[in-house]
Amino acid sequence: RIKIRSRPGRADWLLATAMGKKHKHSQGSASASTSTATAPVTDAASDPTCTAALAAMTPEQKELHAQLVEQFPNCKPRHIVQCVYSKKTAEKCKAALPKVQEFWEKHTIDAVTPEEMQDFLEMDFICHLAGDEVRAQDGSSILFAIYGNWDPSRATPEQSLRCMSKFLDTIVERNPSVIQHGLTMVVDESSLGYKNFDPSTERKFIGLMQDTYPVRIKHFIMVDAGYFLNFVIKCLKPFLSKKTQERLQPSAGKMEKLSKWLTPACVVERWGGTNTQDWATWRAGFIAAFKS
């Protein structure tokens, strides 16, 4: 006779344990790569993206920045500046930068081609709301996404991770105010379903936003979230930090509900806002600039 026993949660425990071991190994290898680095990169002062952020630093931030530049000579200068604003404390910055550097090199983020980026964006699921007048109430820049347009079958988790990382980095490069004021993510969840959900890709994106890419995510506003989103959050909750969980903001797609975080210029017309930005035009401009 064969007796079959069910062990609820066993797979989740094994996965969490494996990720923990991998994380510890990554920290060790990151430290090694940092200590053996030999070729310093360009100073942040010569990067126009960093000009305003450097000038706006407090004396304490400037002191921290100088320490980080000395300790991590091979990190991208802008990433160090971003860490000062997003991580804030010396302890958190020094823990994050080795991960950032290792991640950037391991996944060859700067080698993402225009063709890869075009294929990624042509899913038509994410757009940056451009213009100085298009800002959240707290001054952060807006990324708008339609979750239902995301198609995991069009790219591997690794391809998606590389393109999303480069996309975020390009947004910051072209919109330097993001370094100081951060990003607000507005996600239309109304058409989210099983076809859009890939656990492996989702975990990679969570790791990117929480631990790897140094950008301040002020709010993550989930608009018209249905029952499926509750299922998704329940699946991903073990991988979400307390800070990330606090930033998840479910909301109805109505201007009076969204006005807590957003101005009318940030909200599409069907939700009672005034934003009429054409995604296809924005995407064509983004790709053209990316190619150059």
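Attention here is on the structure that accompanies the text. Here the structure is a predicted model, which means the values were calculated and not measured. (Residues numbered from 1 in each chain as written. Predicted model: local features only at pLDDT ≥ 70, side-chain atom pairs only at ≥ 80, totals over all residues. Heavy atoms only, no water.)

## So, the sheet that holds strand E2 (residues 141-146)
Consideration 1: Strand order in this open sheet of five strands is E1-E2-E3-E4-E5, and the pairing throughout is mixed. Edge positions in the open sheet fall to strand E1 (126-129) and strand E5 (248-251), since each of these has one partner strand only. The average undirected angle you get between the axes of adjacent strands in this sheet is 20 degrees.
Consideration 2: Note: strand E4 (residues 217-223) against E5, four bridges, orientation parallel. Bridge pairing in E5 places Val223 opposite Ser251. (Pairing = 2+ DSSP bridges. Helix = DSSP H or I, 4+ residues; strand = E, 2+ residues; numbered from the N terminus. Axes fitted to C-alpha atoms, helices over the stretch in contact; angles between N-to-C directions.)

## Observations concerning the pattern of salt bridges
Consideration 1: A full pass over the atoms with the stated rule returns nine salt bridges.
Consideration 2: For Lys76, the salt bridge is made with Asp110, and the minimal N-O distance between the two is 3.5 Å. Residue Lys76 is found in the loop between helix H3 (59-71) and helix H4 (77-86), and its partner Asp110 is found in the loop between helix H5 (90-106) and helix H6 (114-121); the two are separated by 34 residues along the sequence.
Consideration 3: Relative accessible area serves as the criterion here: at 24%, Lys76 is assigned to the partly exposed category.
Consideration 4: For Asp110, a relative accessible area of 43% translates into the label partly exposed.
Consideration 5: Between Asp169 and Lys76 there is a salt bridge whose closest N-O contact spans 3.1 Å. With Asp169 in helix H7 (residues 157-174) and Lys76 in the loop between H3 and H4, this pair connects stretches of sequence that are 93 residues apart.
Consideration 6: Under the relative-accessibility criterion, Asp169 is labelled buried at 1%. (Salt bridge = Lys/Arg side-chain N within 4 Å of Asp/Glu carboxyl O. Buried < 20%, exposed > 50% of the residue type's maximum accessible area, 1.4 Å probe, protein only.)

## Overview of the pairing of E2
Consideration 1: A large share of E2 lies buried, amounting to six of its six residues.
Consideration 2: Across the two faces of E2 the burial is the same, with Ser141, Leu143 and Ala145 and Ile142, Phe144 and Ile146 all buried.
Consideration 3: Looking at chain direction, E1 and E2 are connected through four bridges and run antiparallel. Across the sheet, the residue bridging to Cys127 is Phe144, located in E2.
Consideration 4: In terms of strand pairing, E2 meets strand E3 (residues 183-188) through six bridges, oriented parallel. Paired with Phe144 across the bridge in E3 is Val186.

## Focus: the side chain of Ser86
Consideration 1: Tracing the sequence through the fold places Ser86 in helix H4.
Consideration 2: Discounting chain neighbours no more than four positions away, the residues touching Ser86 are Pro214, Val215 and Arg216. (Contact = heavy atoms within 4.5 Å.)

## Let's talk about the nonpolar core
Soluble globular proteins tend to pack their nonpolar side chains together in the buried interior.
Consideration 1: By size, the foremost hydrophobic cluster in this structure holds 80 residues, and its most contacted members are Val81, Met117, Phe120, Phe167, Leu262 and Phe286.
Consideration 2: Top contributing element to this core by residue count: H7, with seven residues. (Core = buried A, V, L, I, M, F, W, Y, C linked by side-chain atoms within 4.5 Å.)

## Notes on the state of the cysteines
Consideration 1: As enumerated under the stated definition, the model contains zero disulfides in all.
Consideration 2: Cysteine Cys83 is unpaired, with the sulfur of Cys93 as its nearest cysteine sulfur at 4.8 Å. (Disulfide = S-S within 2.5 Å.)

## Describing the packing of aromatic side chains
Consideration 1: Evaluated as defined, the whole model comprises eleven aromatic pairs.
Consideration 2: The interplanar angle of 90 degrees and the centroid separation of 5.4 Å between the aromatic rings of Phe120 and Phe125 together place this pair among those described as edge-to-face. Note on accessibility: Phe120 and Phe125 belong to one class, buried.
Consideration 3: Ring plane angle 15 degrees and centroid distance 6.3 Å describe the contact between Phe286 and Phe290, whose orientation is recorded as stacked. Of this pair, Phe286 and Phe290 both sit in helix H13 (residues 279-291), four residues apart, which is roughly one turn of that helix.
Consideration 4: One cation-aromatic arrangement involves Arg174 over Phe286; the distance from NZ or CZ to the ring centre is 4.8 Å. (Phe/Tyr/Trp six-rings, centres within 6.5 Å; stacked < 30°, edge-to-face > 60°. Lys NZ or Arg CZ within 6 Å of the ring centre and 35° of its normal.)

## Remarks on H4
Residues spaced three or four apart along an α-helix point in a common direction, a consequence of the helix completing one turn every 3.6 residues.
Consideration 1: Along H4, ten of the ten residues are buried, which leaves the element largely enclosed by surrounding structure.
Consideration 2: Looking at H4, one finds that the buried residues are Pro77, Arg78, His79, Ile80, Val81, Gln82, Cys83, Val84, Tyr85 and Ser86.
Consideration 3: For H4, the elements touching its buried residues are helix H2 (51-55), H3, H5, H7 and helix H8 (177-181).
Consideration 4: The first or second residue beyond H4 is Lys88, which carries a positive phi of 75 degrees.

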